[in-house]
Amino acid sequence: MPRVGLSREKVLAAALALVDREGIAALSMRKLGAELGVEAMTLYYYVPNKDAVLDGLIDMAVSRVTVEPVGPWREWLRAFAVAIRRELLAHPALLPLVATRPVLAPGGLATVERIAAALRAEGFGALEGLQLVNAVATFVVGHTLAEAGRTPGHDEPDVAGVMESLDPGEYPVLAEALRAGLGTPEDHQERFDRALDALLRGLAPRATL
């Protein structure tokens, strides 16, 4: 039976809290029900299955990116990329899911449609515009996966420890880069900005290339 006070939005919010804490691999309908204080069967009144929960989590992440596609297209597309990165860094446990699962829920699809329509108005073809969106999103997700490092539920190698133990005599350039800030938050920010700007400069409607 439906539970008073429960809704799809509250189920997804609880799923996000669980994933943030324990990682995407820990998500199950049983654990999600326990998170909400209900039996797993109760959840099926709000989400038909676990796949719908996964789609809903991606939908939440994409729908929270509220950049409006107005003005010069490279500027708002850059703002869109920055907003996606910020959202993913706030919920790094979602990264494996976002990297491997397409946007299928209505909220996320509406965001993609709005951006694609704005690119169409800038002279991109329908397919071409979606290819551009995919290129930018793939870059952002890949960069953020590397930047976020450890995520709940996953053991990662101690890259920082390995790098710091390198022999400067054998790896002088790497040692110099480490002294200059390699791997710091400022380094990740600069990498992101430089690569994103280079990507956007190289993109244009095919007719104008």
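On a predicted model such as this, the values are computed, not experimentally measured, just so you know. (Residues numbered from 1 in each chain as written. Predicted model: local features only at pLDDT ≥ 70, side-chain atom pairs only at ≥ 80, totals over all residues. Heavy atoms only, no water.)

Asker: Lay out the overall build of the chain in plain terms, naming residues and giving numbers.
Answerer: Broken down by element type, the chain carries 11 helices and 0 strands. Counting helices and strands in the order they occur from the N terminus, the chain gives α-α-α-α-α-α-α-α-α-α-α. Taken across its 209 residues, the chain has 37% of its residues classed as buried. Long-range pairs, those at least 24 residues apart, make up 72% of the contacts in the chain with a sequence separation of at least 6. For the chain, the exposed surface amounts to about 11600 Å²; the carbon and sulfur share of it is 58%. The chain carries 21 positive and 27 negative side-chain charges, and their two centres are separated by 5 Å. (Helix = DSSP H or I, 4+ residues; strand = E, 2+ residues; numbered from the N terminus. Buried < 20%, exposed > 50% of the residue type's maximum accessible area, 1.4 Å probe, protein only. Contact = heavy atoms within 4.5 Å. Areas by Shrake-Rupley, 256 points an atom, 1.4 Å probe, with all protein chains shown as cover. Lys, Arg positive; Asp, Glu negative; His and termini not counted. Charge placed at Lys NZ, Arg CZ, Asp CG, Glu CD.)

Asker: Run through the packing of aromatic side chains, naming residues and quoting values.
Answerer: Here the structure, examined in full by the defined rule, presents 2 aromatic pairs. Here Trp-73 and Phe-124 contribute two aromatic rings whose centre-to-centre distance is 5.1 Å and whose plane-to-plane angle is 85 degrees, an arrangement assigned as edge-to-face. Here Phe-124 lies in the loop between helix 7 (106-121) and helix 8 (126-148) and Trp-73 lies in helix 5 (residues 73-90), a separation of 51 residues in the sequence. Exposure class is identical for Trp-73 and Phe-124. Each is buried. Measuring from ring centre to ring centre gives 5.6 Å for Phe-139 and Phe-192, while their planes differ by 20 degrees; the resulting arrangement is stacked. Taken together, the positions of Phe-139 in helix 8 and Phe-192 in helix 11 (residues 185-201) put the pair 53 residues apart, joining distant regions of the chain. Its end group placed over the ring of Phe-192, Arg-85 keeps NZ or CZ at 4.6 Å from the ring centre. (Phe/Tyr/Trp six-rings, centres within 6.5 Å; stacked < 30°, edge-to-face > 60°. Lys NZ or Arg CZ within 6 Å of the ring centre and 35° of its normal.)

Asker: How would you sum up the UniProt feature "DNA-binding region" (unreviewed entry) in the chain? Please name residues and give values.
Answerer: What UniProt calls "DNA-binding region" (unreviewed entry) maps, in this numbering, to residues 28-47. Helix makes up 60% of residues 28-47 and strand 0%, with an end-to-end C-alpha separation of 13 Å. (UniProt positions renumbered as here; feature names shortened; annotations may be inferred.)

Asker: Describe the domain arrangement of the chain, naming the residues involved and giving the relevant values.
Answerer: Segmenting the chain into domains produces domain 1 (8-47) and domain 2 (62-202). Centre-to-centre separation of domain 1 and domain 2, based on C-alpha positions: 27 Å. At the junction of the two partners, domain 1 supplies 7 residues and domain 2 supplies 8 residues. Between domain 1 and domain 2, a total of about 640 Å² is buried, with carbon and sulfur atoms accounting for 70% of that surface. When residues of domain 1 are sorted by the area they lose upon contact with domain 2, Leu-16, Asp-20 and Ile-24 head the list and together hold 65% of the total. Taken together, domain 1 and domain 2 are joined by 0 salt bridges. Here domain 1 and domain 2 share 1 residue pair in polar contact (both at pLDDT 80 or more) between them. (Domains from an automatic or database assignment. Buried area = accessible area lost by both parts, 1.4 Å probe. Salt bridge = Lys/Arg side-chain N within 4 Å of Asp/Glu carboxyl O. Polar contact = N/O pair within 3.5 Å; in protein donor to acceptor, adjacent residues only side chain to side chain.)

Asker: A description of the pattern of salt bridges should follow, citing residues and the corresponding values.
Answerer: If the charged atoms of two oppositely charged side chains come close together, the side chains can form a pair. Tallied over the full model, the rule gives 11 salt bridges. Glu-22 serves as the salt-bridge partner of Lys-31, at 2.5 Å between the closest nitrogen and oxygen. On the basis of relative accessible area, Lys-31 is assigned to the partly exposed category, the value being 25%. Linking Asp-55 and Arg-101 is a salt bridge whose minimum nitrogen-to-oxygen distance equals 2.8 Å. With a gap of 46 residues between them, Asp-55 in helix 4 (residues 50-63) and Arg-101 in the loop between helix 6 (95-100) and helix 7 connect regions that are remote in the sequence. Note on Arg-101: relative accessible area 22%, which makes it partly exposed.

Asker: Explain the nonpolar core to me, and be specific about the residues and the numbers.
Answerer: Among the nonpolar cores identified, the biggest contains 27 residues, and Leu-27, Leu-32, Val-53 and Leu-57 are the most heavily contacted of them. For this core, the elements supplying multiple residues, two or more each, are helix 1 (8-22), helix 2 (29-36) and helix 4. Looking at this core element by element, the count peaks at 8 residues for helix 4. Summarising the domain contributions, this core has at least three residues from each of domain 1 (8-47) and domain 2 (62-202). Apart from residues no more than four positions distant in its own chain, Leu-27 is found in contact with Ala-15, Leu-18, Val-19, Leu-32, Lys-50, Val-53, Leu-54 and Leu-57. In terms of nonpolar packing, the next biggest core, distinct from the first, is built from 24 residues, Trp-73, Phe-80, Ala-81 and Val-136 among them. (Core = buried A, V, L, I, M, F, W, Y, C linked by side-chain atoms within 4.5 Å.)

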